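Residue strings, one per chain:
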Amino acid sequence: MSTREVRIAPVGDDALLIEADSGAAIAPWAAHARALHDDGALHVTDIVPGARTVLLDGVGGPQARDDLAAEVAAWDPRAEEATGGPLVEIGVTFDGPDLRSVAELWQVPVDAVPGLVCGAELTVAFCGFAPGFAYLTGMGRTVPRLETPRTRVPAGAVGLAGEFAGVYPRESPGGWRIIGTAVDAVLWDATRAEPALLAPGTRVRFVEAGHCA
Amino acid sequence: MSAGADTALEVVRAGALTTVQDLGRLGLAHLGVPRSGAADVDAHLRANALVGNAPGAATLETTATGCALRVRGEAVVAVEGARCRVSVGDVPAPWGAPVRLRAGQVLEVGAAVDGLRSYVAVRGGVNAGVVLGSRSTDLLSGLGPAPLRVGATLAVGSEADGEPAFATMGALRSSVTDGGAVGLSGAAVTEMSVAHHAPAVELPLVLGPRADWFTARALAALDGAEYVVTSESNRVGLRLDGLPLHWARAGELPSEGMVLGAVQVPPSGLPVVFLADHPTTGGYPVVGVVTHEGVARASQAAPGSRVRFAIADSRAL
């Protein structure tokens, strides 16, 4: 399946932005760019996926940028390219302070939330906010952010916001609705060869480790 | 000469904020790791070149008030970036030129008189711990070494790959007879300038990628618009006060990758110019991107000073 419908725009002198209409439509482009880069066929400093975009940064100046734009327009990534990432299972204890509000927003019993969360096939769309903080798509249900963010969310907190799920890699302020705690998962370790457990393209499944609602 | 393995720098005065910086952590933005690195990369490179260091050797980046360092062993140092008084003990020393320090001497890097951030290179480089391939302090993420504290000791590494750029006697004489022009031949900075009365610093800007989020009126006004640099500014970004740039549409921009120099405009309309420690993704529209030379200028724009955007050739596709 072809996914050709994107817009390509310059970003300053040294970057390009590829934009699609949805997260699902951009994912193959992000995967394609990363694969080309890993093969030494795409010479950029950074490939930064966003919710509907892929940023190619450090392209080598305006001429290289314009040449690359023409190349990118000829890419023909297949949808399957976005589905081949490694699978990571994360054990979750569903003990979060917002479990009840999420159940109410979803109009389901509290004890139905873990099944819905663990049944979703999630994928890391992009990272941001903090090193190793991954925005997971595929939940299929949305919740609004907290109106007032918490000043302190503990490391390992599993949260939902908008269409995304995520796990806080370390203690920080945060406005996501916290439904549980990741068990035995080190989301971020700068000394590891792969510092982020959840890099873009990684597939994620939450597994219920306990239930204390 | 080679850097002595026993050479170290003891922090006598840390200044308002002095951090270790190199060329940063490129290639990790997709994991949410900011680029970090010297805010004024060109000044960092000049400082390293003066002492014969490799470009990636770590320097010290001061903020507004300089710092003071006592040397253990012998060292060759150079101060670049924001101009400031430099002295060794009580003896004036050149800015923008290599300076030899003997054991026990104190290098005093004075307050910035023109600009904001001075760079102190030591021959061999500052040998702080490497995190993800860089010694840079990232103040957004907390990666890298902590900012300097009084009494801390900084080891000196072995990343010299050339000779220090000491002026020859001839060059030194001509620089003196020319009135001591600053540059590679060095000059002592002896007079304070008043930055607040200086003309606005021009920041060339390439429009996009989200210029279409703004009203035609905002875009027309942006070219030549002057802003005051607020005290909220830091290594993450230059926060500006002045003409608000109004959005032409409601709603939210889905998070997208951010570049160095991006001029992000939150709903308040007051732009933020992203510097070295900028977040890797953001959800506010970027009206334009400041050029490389503009980023260097922005990194030297002190709170209270003024900047002016100038829309540059977009060199559209």
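Please read these numbers as outputs of a predicted model, since none were measured by experiment. (Residues numbered from 1 in each chain as written. Chains lettered and ligands numbered in written order. Predicted model: local features only at pLDDT ≥ 70, side-chain atom pairs only at ≥ 80, totals over all residues. Heavy atoms only, no water.)

### So, the overall build of chain B
Next, step 1: Along the backbone of chain B there are 4 helices and 18 strands.
Next, step 2: Per-residue burial for chain B yields a buried fraction of 52% across its 317 residues.
Next, step 3: Within chain B, contacts between residues separated by at least 24 positions form 77% of all contacts whose residues are at least 6 apart in sequence.
Next, step 4: A total of about 12700 Å² of accessible surface is found on chain B, and carbon and sulfur atoms cover 55% of it. (Helix = DSSP H or I, 4+ residues; strand = E, 2+ residues; numbered from the N terminus. Buried < 20%, exposed > 50% of the residue type's maximum accessible area, 1.4 Å probe, protein only. Contact = heavy atoms within 4.5 Å. Areas by Shrake-Rupley, 256 points an atom, 1.4 Å probe, with all protein chains shown as cover.)

### Comments concerning the overall build of chain A
Next, step 1: When helices and strands are counted, chain A shows 4 helices and 13 strands.
Next, step 2: When the backbone C-alpha atoms are referred to their principal axes, chain A occupies close to 55 × 35 × 30 Å.
Next, step 3: Counting all 213 residues of chain A, 49% fall into the buried class.
Next, step 4: Within chain A, contacts between residues at least 6 apart in sequence are counted, and of these 61% link residues at least 24 apart.
Next, step 5: Of the accessible surface of chain A, which amounts to about 9400 Å², a share of 51% is contributed by carbon and sulfur atoms.
Next, step 6: In chain A, 16 side chains carry a positive charge and 28 a negative one; their mean positions are 6 Å apart. (Lys, Arg positive; Asp, Glu negative; His and termini not counted. Charge placed at Lys NZ, Arg CZ, Asp CG, Glu CD.)

### Considerations on the side chain of Arg135 of chain B
Residues and elements named next belong to chain B.
Next, step 1: Structurally, the position occupied by Arg135 is in the loop between strand S8 (106-122) and strand S9 (153-155).
Next, step 2: The class for Arg135 is buried, based on a relative accessible area of 15%.
Next, step 3: Within the local environment of Arg135, its side chain forms a polar contact with the backbone oxygen of Ala128, the two atoms lying 2.7 Å apart.
Next, step 4: Other than its neighbours up to four places away in sequence, Arg135 contacts Val20, Asp22, Arg25, Ala58, Val126, Asn127, Ala128, Gly129, Val130, Pro145 and Glu159. (Polar contact = N/O pair within 3.5 Å; in protein donor to acceptor, adjacent residues only side chain to side chain.)

### Remarks on the interface of chain B and chain A
Next, step 1: Contacts between the two partners involve 31 residues from chain B and, on the opposite side, 38 residues from chain A.
Next, step 2: Interface area for chain B against chain A, summed over the two sides, is near 2600 Å², with a carbon-plus-sulfur share of 62%.
Next, step 3: Along the contact surface separating chain B from chain A lie 2 salt bridges.
Next, step 4: Among the ionic pairs, Asp57 of chain A bridges to Arg35 of chain B, the shortest N-O distance being 3.8 Å.
Next, step 5: The interface formed by chain B and chain A contains 8 residue pairs in polar contact (both at pLDDT 80 or more).
Next, step 6: Broken down by class, the residue content of the side of chain B that touches chain A amounts to 17 nonpolar, 10 polar and 4 charged. (Buried area = accessible area lost by both parts, 1.4 Å probe. Salt bridge = Lys/Arg side-chain N within 4 Å of Asp/Glu carboxyl O. Nonpolar A, V, L, I, M, F, W, Y, C, P; charged D, E, K, R; others polar.)

### Remarks on empty space enclosed by the protein
Next, step 1: By the definition in use, this model includes 4 cavities of 30 Å³ or more.
Next, step 2: Considered as a void within the structure, the largest cavity measures approximately 100 Å³ in volume.
Next, step 3: Residue composition of the lining of the largest cavity, by class: 7 nonpolar, 2 polar and 4 charged.
Next, step 4: The volume enclosed by the second largest cavity comes to roughly 50 Å³.
Next, step 5: Forming the boundary of the second largest cavity are Val11, Leu17 and Leu55 of chain A together with Pro209, Glu256, Gly257, Met258, Val259, Ala262 and Val286 of chain B. (1 Å grid on protein atoms, 1.4 Å probe; cavity = no way out; pocket = protein on both sides within 12 Å on 5 of 7 lines; lining within 4 Å. Points joined across faces, edges and corners; volume = space filled by probe spheres on them.)

### Here we look at the layout of surface pockets
Next, step 1: When its volume is computed, the largest pocket comes out at roughly 1400 Å³.
Next, step 2: Lining the largest pocket we find 48 residues, and of these Tyr135 and Arg145 of chain A together with Ser255, Gly282 and Gly283 of chain B sit closest to its centre.
Next, step 3: Contributing elements (two or more residues each) for the lining of the largest pocket: strand S6 (122-127), strand S7 (134-137) and strand S11 (172-174) of chain A together with strand S15 (272-274) and strand S16 (281-282) of chain B.
Next, step 4: Top contributing element to the lining of the largest pocket by residue count: S11 of chain A, with 3 residues.
Next, step 5: Taken together, the residues of the lining of the largest pocket sort by class into 26 nonpolar, 16 polar and 6 charged.
Next, step 6: In this structure, the second largest pocket encloses a volume near 890 Å³.
Next, step 7: Taken together, 39 residues make up the lining of the second largest pocket; nearest its centre are Thr123, Val124, Pro200, Gly201 and Thr202 of chain A.
Next, step 8: A total of 9 residues in the lining of the second largest pocket trace back to one element, the largest contributor, which is helix H1 (residues 23-38) of chain A.
Next, step 9: For the lining of the second largest pocket, a count of residues per class yields 20 nonpolar, 12 polar and 7 charged.

### Digging into the domain arrangement of chain B
All names here are of chain B.
Next, step 1: Splitting chain B by domain gives domain 1 (8-193) and domain 2 (196-316).
Next, step 2: Carbon and sulfur atoms supply 53% of the area that domain 1 and domain 2 bury against each other, a total of about 1500 Å² over both sides.
Next, step 3: The three residues of domain 1 that bury the most area against domain 2 are Arg35, Arg117 and Leu140, which together make up 32% of that side's buried surface.
Next, step 4: Salt-bridge contacts for Arg235 lead to Glu61; the nearest nitrogen and oxygen are separated by 2.9 Å.
Next, step 5: Here domain 1 and domain 2 share 12 residue pairs in polar contact (both at pLDDT 80 or more) between them.
Next, step 6: Those elements that place two or more of their residues in the side of domain 1 that touches domain 2 are strand S2 (19-21), strand S5 (75-88) and S8.
Next, step 7: Among the elements that take part in the side of domain 1 that touches domain 2, S8 stands out by supplying 4 residues, more than any other.
Next, step 8: Classifying every residue of the side of domain 1 that touches domain 2 gives 10 nonpolar, 8 polar and 6 charged. (Domains from an automatic or database assignment.)

### Some details on the sheet that holds strand S17 (residues 286-290) of chain B
Residues and elements named next belong to chain B.
Next, step 1: Strand order in the closed barrel formed by 7 strands is S10-S17-S14-S15-S12-S11-S18, with mixed pairing between adjacent strands. Recorded for the sheet is a direction-independent mean angle of 40° between the axes of neighbouring strands.
Next, step 2: Here 3 bridges tie strand S14 (residues 262-264) to S17, and the two strands are oriented antiparallel to one another. Pairing of Ala262 across the sheet is with Val289, part of S17.
Next, step 3: Contacting strand S10 (201-207), strand S12 (237-242), S15 and S17, helix H4 (residues 292-299) crosses the sheet at an angle of about 140° to S10. (Pairing = 2+ DSSP bridges. Axes fitted to C-alpha atoms, helices over the stretch in contact; angles between N-to-C directions.)

### Remarks on the pairing of strand S12 (residues 177-183) of chain A
The side chains of a regular strand alternate, first on one face of the sheet and then on the other.
All names here are of chain A.
Next, step 1: Among the 7 residues that make up S12, 5 are buried, leaving the element largely enclosed by the rest of the structure.
Next, step 2: Pairing of strand S5 (residues 87-94) with S12, which is carried by 3 bridges, proceeds in the antiparallel orientation. Its bridge partner being in S12, Gly91 is matched across the sheet by Val183.
Next, step 3: Pairing between strand S9 (residues 157-161) and S12: 4 bridges, direction antiparallel. Of the residues in S12, the one forming a bridge with Leu160 is Arg177.

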